[in-house]
Every structure is written in C-alpha cells, then in structure tokens.
Amino acid sequence: MSSSDIFIGETIGTAILILLGGGVCAAVTLKASKARNAGWLAITFGWGFAVLTAVYTSAPLSGAHLNPAVTLALALKKDGIDWDQVPVYWGGQLLGAMIGAALVWVAYYGQFHAHLTDREIVGEPDVSKSVEARETGAGPVLGVFSTGPEVRVAWQNIATEVIGTIVLVLAVLTQGLNGEGKGLGTLGALVTALVVVSIGLSLGGPTGYAINPARDLGPRIVHALLPLPNKGGSDWSYAWVPVAGPLIGAAIAAGIYNVAFA
C-alpha cells in the first residue's frame, strides 16, 4: 500500500465511520429528528454498522485501521506495519473524522438549529456568568460529536477507555486481521463491528466508549469551529482522556498479543 492509498483510504473510511456513528447520535438526540429518544441500543448498533460500512469501504486501499489505537497496536505487533506509516494513518484518520463530523452537521442542519434555539432545551442565558464560563464544560449537543463521562472521575474514566480498547484491539489482532496481518480482512470487518457493539452495550455506559482517539478529537475540533447557536463548550478539560486512554489500551493489548499469541 502506498502512502497516498493509505491516506485516502483512512480519510474516506473514517469519514464514513463518523458520519454514520455521529449520525445515529444526532438522530437520537436532536429535536425534530424522527429517531429522537430511540435509546442506547440504537446508538450501539448504529456505531457497529458504521464500523462495518467504513471497513468494507476502505479496506482495499488502506487495510481499514480507522483508529489511531489500532494503528499503534499494529506498529507494536511483531511483523506489523512500518513505523513511518503511522503518521500517514493518523493524519488520514483525523482528517476523515473531521469531515465526517462536518457532514453530520450538514445532514442535520435544521435539527441542530431547532434543538439549539429551543429554550426548553438550552434554557435562558445566564448573564451572571462570563462568556468564558458559559463556554466551558459540555454543551447541549457535544454528545453528538464527542464522548463525555457520566461521573467525572479521571482515573476511572481513563481506566474505562483503556479496558474497552484492550478488548477491541485484542479482538482485531487475534480474529480480525487479513492474511498479511496489517489490516482488517473481510471477515474481520464483521468481527470488529460486533465487538464494537458489545463494548458499547457492556462498557459504554461510564464514558460513551470513544475507544478511538480520532473519533473523539476530530469531531470535538469541528464542534468548536462550527457556527452553532447556543452550542456551549467543547469540554477540552476532558479531551485528553479519550485520546490517552485508547492509546494506552492499544499498547497494552499489543504487548499481551506479542507475549501470548505471536
């Protein structure tokens, strides 16, 4: 695979992943969406199908990592990818995640506006607080773009992301790779999608299961940039957790694989 194939494949695949994954979050969250309040099952299966679609689309070009944590694990894996390919994968993944998040905004433009101009949802502006104070923390639609904890305990939040990513990466390394062992194969796409559904159902409750740094960081950047009325903050104080946790989990999973399976 050439660097251009890798970059294009990861950009397209991750954009599809975030478009469909963020799309189901928007569908369940936003006012005037036909799927509003469809619940956690809809979100977990929506993300699983998003993974399936994205992998099948991008695998021929890049091997469909779609996740900096998976790329890191494949670089640490014995006979894995070359380290000089890692920045190419990561660049495509971050760009694709931002494109996918922007497309969610386009697809749900009217719903975002209706949601964020409804005073029953956003309330009245608290003029007693400074603009800076009103723009910190998580805004009312940040969950469409990025993850956040239900209980903000830093060590538990990062531990949850580490554990979930270990499960994901071990499943990819042991069951999901193609014949060359450097990307996802045809059957691996289905395996990975079902594992993502399982992680969401079983481990997604505490933090929203980012298990993918690009999936969280790219859309969070887009949330910060988009001209959404009354959007609130992008919760940058939490943003390090869904980046660091999955990378730590991926490194641990690669170590387990190299010791136990390789």
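Above this note sits the structure.
The structure reproduced in this document is the subject of the present report. (Residues numbered from 1 in each chain as written. Predicted model: local features only at pLDDT ≥ 70, side-chain atom pairs only at ≥ 80, totals over all residues. Heavy atoms only, no water.)

### Describing empty space enclosed by the protein
So, step 1. This structure, assessed with the given rule, holds 1 cavity of 30 Å³ or more.
So, step 2. If you add up the space inside the largest cavity, you get close to 30 Å³.
So, step 3. Considering the residues around the largest cavity, the lining is formed by Ile18, Gly22, Trp47, Ala101, Val144, Phe145, Arg215 and Pro219.
So, step 4. Within the residue set of the lining of the largest cavity, elements represented by two or more residues are helix 1 (3-29), helix 8 (142-145) and helix 11 (213-225). (1 Å grid on protein atoms, 1.4 Å probe; cavity = no way out; pocket = protein on both sides within 12 Å on 5 of 7 lines; lining within 4 Å. Points joined across faces, edges and corners; volume = space filled by probe spheres on them. Helix = DSSP H or I, 4+ residues; strand = E, 2+ residues; numbered from the N terminus.)

### With respect to the packing of aromatic side chains
So, step 1. In this structure the tally under the stated criterion is 5 aromatic pairs.
So, step 2. Between Phe45 and Phe49, the aromatic rings sit 6.3 Å apart at their centres with planes inclined by 45 degrees, giving tilted as the arrangement. One end of the pair is Phe45 and the other is Phe49, both in helix 2 (residues 40-62) and 4 residues apart, which spans about a single turn.
So, step 3. In this structure Phe49 comes out as exposed when scored by relative accessible area, which is 53%.
So, step 4. Relative to Tyr109, the ring of Trp105 has its centre 5.8 Å away and its plane inclined at 70 degrees; by these criteria the two rings are edge-to-face. (Phe/Tyr/Trp six-rings, centres within 6.5 Å; stacked < 30°, edge-to-face > 60°. Buried < 20%, exposed > 50% of the residue type's maximum accessible area, 1.4 Å probe, protein only.)

### What about the packing of helix 1 against helix 4 (residues 86-107)?
So, step 1. Packing of helix 1 against helix 4 leaves a shortest axis separation of 6 Å and a crossing angle of 35 degrees. In terms of crossing hand, the pair formed by helix 1 and helix 4 is right-handed.
So, step 2. Grouping the constituent residues of the contact of helix 1 with helix 4 by class yields 14 nonpolar, 10 polar and 1 charged. (Axes fitted to C-alpha atoms, helices over the stretch in contact; angles between N-to-C directions. Left-handed = near helix turned anticlockwise from the far one by under 90°. Nonpolar A, V, L, I, M, F, W, Y, C, P; charged D, E, K, R; others polar.)

### Description of a nonpolar patch on the surface
So, step 1. A cluster of nonpolar side chains, contributed by Phe7, Ile8, Ile12, Leu19, Leu20, Leu95, Ile99 and Leu103, occupies part of the molecular surface with about 600 Å² of accessible area.
So, step 2. By residue number, the principal contributor to the nonpolar patch is helix 1, which donates 5 residues.
So, step 3. Topologically, Leu103 is positioned in helix 4. (Patch = residues over 30% accessible without salt bridge, like charges linked within 9 Å, V, L, I, M, F, W, Y side chains within 5 Å. Areas by Shrake-Rupley, 256 points an atom, 1.4 Å probe, with all protein chains shown as cover. Salt bridge = Lys/Arg side-chain N within 4 Å of Asp/Glu carboxyl O.)

### A few points about the side chain of Asp216
So, step 1. Note that Asp216 resides in helix 11.
So, step 2. Overall, Asp216 belongs to the buried group, its relative accessible area being 0%.

It is worth stressing that arrangement in space is one thing and function is another; only the former is reported here.
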